[in-house]
Amino acid sequence: MYEAGLTTGTNGNVSVRVDASTFAITPSATSYLSMTADDVVGINADGERIWGHRKPSSEWALHTLFYRSRPDVGAVIHTHSPYATAAAVLGEEIPAILAEAVHILGGAVPVAPYVTFGTKQLAEAAVAACGSMNAVLLCNHGAVAVGKDLASALQCAAVLEETAKIYLLAKSAGTPKVIPADKLQAIYRAYGGYKPE
């Protein structure tokens, strides 16, 4: 995530579902360049530490609510990647503009309203806005990408960033053309039948 430019410093956080009630999450205020496996923290759905010596990320509620709400989610990545965050600052969804992105992200990427970071309210707003999609923008904050595992969540975060970049570049030059809604099913079928509800 750090090497791909999806975050800087200690911004953002990553988690993975360990079992039905346990989640591993990155620690709070720890540089990705110095972070080791020993710094990762195990928590339950209430954010209580099960293992590890660090304090869990302040966004633990965001992660655990995604797991409780989405049985299909096995990993959550919250980034402050520049293009996705720029789109989030605009407070506008990223429309369905690329077939590959529709396949990975699920369609247009919604934006959750601004809510103070690290709060239960932010978690609720993000999960509600995301629905069955695989990514959501957090207004004036960043983005969240989810997947069945860490690799797919990271792929989603990278595709979101690239799509946001292309969207903003296209928007700066004119009016982006959005894939018509009646064409989305063909994209889902072409990529193996995935269809968000």
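Please refer to the structure higher up on the page.
Now for a look at the structure at hand. Because the structure is predicted, anything quoted here is derived from the model rather than measured.

The strand order across the open sheet built from eight strands is E4-E3-E2-E1-E5-E8-E7-E6, with neighbouring strands paired in mixed fashion. The outermost strands of the open sheet, each flanked by one partner alone, are strand E4 (49-51) and strand E6 (111-112). Where strand E7 (residues 135-138) lies against strand E8 (residues 142-147), four bridges are found, and the strand directions are antiparallel. By the bridge assignment for E8, Leu 138 is matched with Gly 142. Along the sheet, helix H2 (residues 82-90) makes contact with E7 and E8, crossing E7 at roughly 60°. Sheet strands in contact with helix H4 (residues 120-130) are E6 and E7, and its direction is about 135° off that of E7.

The next thing to look at is the nonpolar core. Among the nonpolar cores identified, the biggest contains 27 residues, and Ile 94, Leu 105, Val 109, Leu 137 and Leu 160 are the most heavily contacted of them. Where this core is concerned, the elements lending two or more residues are strand E5 (75-79), H2, helix H3 (99-105), E7, E8 and helix H5 (150-173). Residue contributions to this core peak at seven residues, all from H5. The residues touching Ile 94, leaving out its near neighbours within four places in the chain, are Ala 87, Ala 108, Val 109, Leu 137, Leu 160, Thr 163, Ala 164 and Tyr 167. Ile 25, Val 76, Ala 125 and Val 144 belong to the second largest nonpolar core, which has 24 residues in total.

We now examine H4. Of all the residues in H4, the buried ones are Leu 122, Ala 123, Ala 125, Ala 126, Val 127 and Cys 130. Considering only its buried residues, H4 is in contact with helix H1 (60-69), E6 and E7. A positive backbone phi angle near 55° is found at Gly 131, which sits one or two residues after H4.

Our next topic: the packing of H2 against H5. At a closest axis distance of 7 Å, the pairing of H2 and H5 adopts a crossing angle of 60°. It follows that H2 is oblique to H5 by the angle criterion. In this structure, H2 meets H5 at a crossing whose hand is left-handed. Judged by residue contacts, Pro 82, Tyr 83, Ala 84, Ala 86, Ala 87 and Leu 90 of H2 engage Leu 160, Glu 161, Ala 164, Lys 165, Leu 168 and Lys 171 from H5. By residue class, the composition of the contact of H2 with H5 is nine nonpolar, no polar and three charged.

Procedures and definitions
- Counting of residues starts from 1 at the beginning of each chain's written sequence and follows it residue by residue.
- Local features in this predicted model are restricted to residues whose pLDDT is 70 or higher, and side-chain atom pairs enter the listing and the counts only when it is 80 or higher, whereas totals over whole chains, interfaces and linings include all residues.
- Excluded from the side-chain calculation are hydrogens and water; included are all heavy atoms of the structure.
- Strands pair, by our definition, only if DSSP identifies at least two bridges between them.
- The secondary structure listing takes helices from DSSP runs of H or I that are at least 4 residues long and strands from runs of E that are at least 2 residues long, numbered from the N terminus.
- We call two residues in contact whenever any of their non-hydrogen atoms come within 4.5 Å of each other.
- Lines fitted to the C-alpha atoms define the axes, with helices restricted to the stretch that makes contact. Angles between their N-to-C directions range from 0 to 180 degrees.
- Buried residues of nine kinds, namely Ala, Val, Leu, Ile, Met, Phe, Trp, Tyr and Cys, make up a nonpolar core once their side-chain atoms join them within 4.5 Å.
- Only protein chains enter the accessibility calculation, which uses a 1.4 Å probe. A residue is then buried if its area is under 20% of the maximum for its type, exposed if over 50%, and partly exposed in between.
- When an angle is under 35 degrees it counts as roughly parallel; over 145 it counts as roughly antiparallel; between 65 and 115 it counts as roughly perpendicular; any other value is oblique.
- Should the near helix be turned anticlockwise from the far one by less than a right angle, the crossing is termed left-handed; should it be turned clockwise, right-handed.
- Charged residues are taken to be Asp, Glu, Lys and Arg, nonpolar residues to be Ala, Val, Leu, Ile, Met, Phe, Trp, Tyr, Cys and Pro, and polar residues to be all remaining types, Gly included.

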